[in-house]
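# Descriptive structure summary
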Amino acid sequence: MKFTFYGHSCFAIESGGKKFLFDPFITGNELTKGIVDAGSIESDYILASHGHADHVADLISIAQRTGALVIGAYEVIGWAEKNGVKNVHPINLGPAMFPFGKLHFLPAAHSSSLPDGSYGGSAGGFLLHDTEKKFYYSGDTSLSMELQLVPRYAKLDFAILPIGGNFTMDVDDAIVAAEFIKCDKVIGVHFDTFGYIKIDKELAKEKFRTAGKELILPEIGQTIEM
Ligand code: NI
Ligand code: MN
C-alpha cells in the first residue's frame, strides 16, 4: 500500500488498485510550488475531513477532471454539488458502505465552514476498514477522548495525525492521541504550511522516539510504501 504526501494535510493512499485522495489543498500552498501539480493528480475517491479551505481548495477542480467519487459531510457535499460536482456520496458521523468497503467517519474536535462561508457540518476523521493496511486519518482535531473509540473498531497499522498545533493537536498531544488510538506509527501532517504551525521536525521525531513511537514526516511529493 502506498502513501503519497502532497503537502499540508493532503495525501493519497493507493490500495487495491484504487487511489484515495484526502483533503485536496495544493495550489494555495506555497510549499508545493514546483513540486506538486494539482492538475495531474489522479484519484478514484476524494475524501474531505471538513470544509476549511486548507482541506478542500482543490477539491472541485480535481473532482471534475477525474470524475472521482467525492465523500464528505452532508454539508461539504452540498457545497461541492453547488459548484458542479456530480459524483458524490454524503455522509455524517458514523459508518457508511462504499464499493471499497466500510468506512467510519469519526468525530473530530474542530470547526467546519466552507470557502463560501456556509456551514460545513461536523468535522471528522476517516477509518477505512478494508484497505490493504489499516490506517486512521483524524483530520484536524484537538486531542479528544473520542479518539479512544478508534481501537474498538480497528487494530491500526499506521495513523495520519496533525502535529502543528494552534489549529489542531501539537506534537505532545499527538503522542497522547497515538496512545488513545493504540498506534505506534504516525505520519505527521498539518505543520509548517503557515507561520502559526511551524515546528522543529527533529525535535518532534525525538519526542515520538522517547515515547516509544515512530513519527514519519514525508517530504512533499514523496511516496512511501507502508
Ligand atoms: Ni480546519
Ligand atoms: Mn486545517
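Predicted model only: the values in this text are computed from it and were never measured. (Residues numbered from 1 in each chain as written. Chains lettered and ligands numbered in written order. Predicted model: local features only at pLDDT ≥ 70, side-chain atom pairs only at ≥ 80, totals over all residues. Heavy atoms only, no water.)

### Some details on the overall build of the protein chain
For the protein chain, the helix and strand inventory stands at six helices and 14 strands. In terms of C-alpha radius of gyration, the protein chain reaches 16 Å, essentially the compact-globule figure of 17 Å for 226 residues. C-alpha extents for the protein chain along the principal axes are approximately 50 × 40 × 35 Å. Residue burial in the protein chain is summarised as follows: out of 226 residues, 57% are buried. In the protein chain, once contacts between residues fewer than 6 apart in sequence are set aside, the share between residues at least 24 apart is 59%. Put simply, the protein chain shows about 9300 Å² of open surface, and 50% of that area lies on carbon and sulfur atoms. Looking at the protein chain, you have 20 positive and 28 negative side-chain charges, and the mean spots of the two groups are 4 Å apart. (Helix = DSSP H or I, 4+ residues; strand = E, 2+ residues; numbered from the N terminus. Rg over C-alpha atoms; globule rule 2.2 N^0.38 Å. Buried < 20%, exposed > 50% of the residue type's maximum accessible area, 1.4 Å probe, protein only. Contact = heavy atoms within 4.5 Å. Areas by Shrake-Rupley, 256 points an atom, 1.4 Å probe, with all protein chains shown as cover. Lys, Arg positive; Asp, Glu negative; His and termini not counted. Charge placed at Lys NZ, Arg CZ, Asp CG, Glu CD.)

### Comments concerning the packing of helix 5 (residues 171–180) against helix 6 (residues 201–210)
It is at 10 Å that the axes of helix 5 and helix 6 come closest, and there the two elements cross at 30°. Seen from above, helix 5 lies across helix 6 with right-handed handedness. Judged by residue contacts, V171, D172, A174 and I175 of helix 5 engage A204, K207 and F208 from helix 6. Here the contact of helix 5 with helix 6 is built from residues that sort into five nonpolar, no polar and two charged. (Axes fitted to C-alpha atoms, helices over the stretch in contact; angles between N-to-C directions. Left-handed = near helix turned anticlockwise from the far one by under 90°. Nonpolar A, V, L, I, M, F, W, Y, C, P; charged D, E, K, R; others polar.)

### Description of the coordination of the manganese ion (ligand 2)
Around a metal, the idealised angle for a tetrahedral arrangement of four donor atoms is 109.5 degrees; for an octahedral arrangement of six donor atoms it is 90 or 180 degrees. Protein coordination at the manganese ion (ligand 2): the donors are D54 (OD), H55 (NE2), D140 (OD) and H190 (NE2), at 2.1 to 2.2 Å from the metal. If you list the donors of the manganese ion (ligand 2) from N- to C-terminus, the spacing comes out as D-H-x84-D-x49-H. Since its relative accessible area comes to 14%, D54 is described here as buried. Residue classification places H190 among the buried positions, given a relative accessible area of 1%. (Donors = N, O, S within 2.8 Å, 3.2 Å for Na, K, Ca; no water.)

### Section: the coordination of the nickel ion (ligand 1)
All of the protein donors around the nickel ion (ligand 1) are H50 (NE2), H52 (ND1), H110 (NE2) and D140 (OD); their distances to the metal are 2.2 to 2.3 Å. Between the nickel ion (ligand 1) and the manganese ion (ligand 2) the interatomic distance comes to 3.1 Å, and D140 is a ligand of both metals. Taken together, the positions of H52 in the loop between strand 4 (45–47) and helix 1 (53–56) and H110 in the loop between strand 8 (101–107) and strand 9 (124–128) put the pair 58 residues apart, joining distant regions of the chain. Overall, the relative accessible area of 23% leaves H110 in the partly exposed class.

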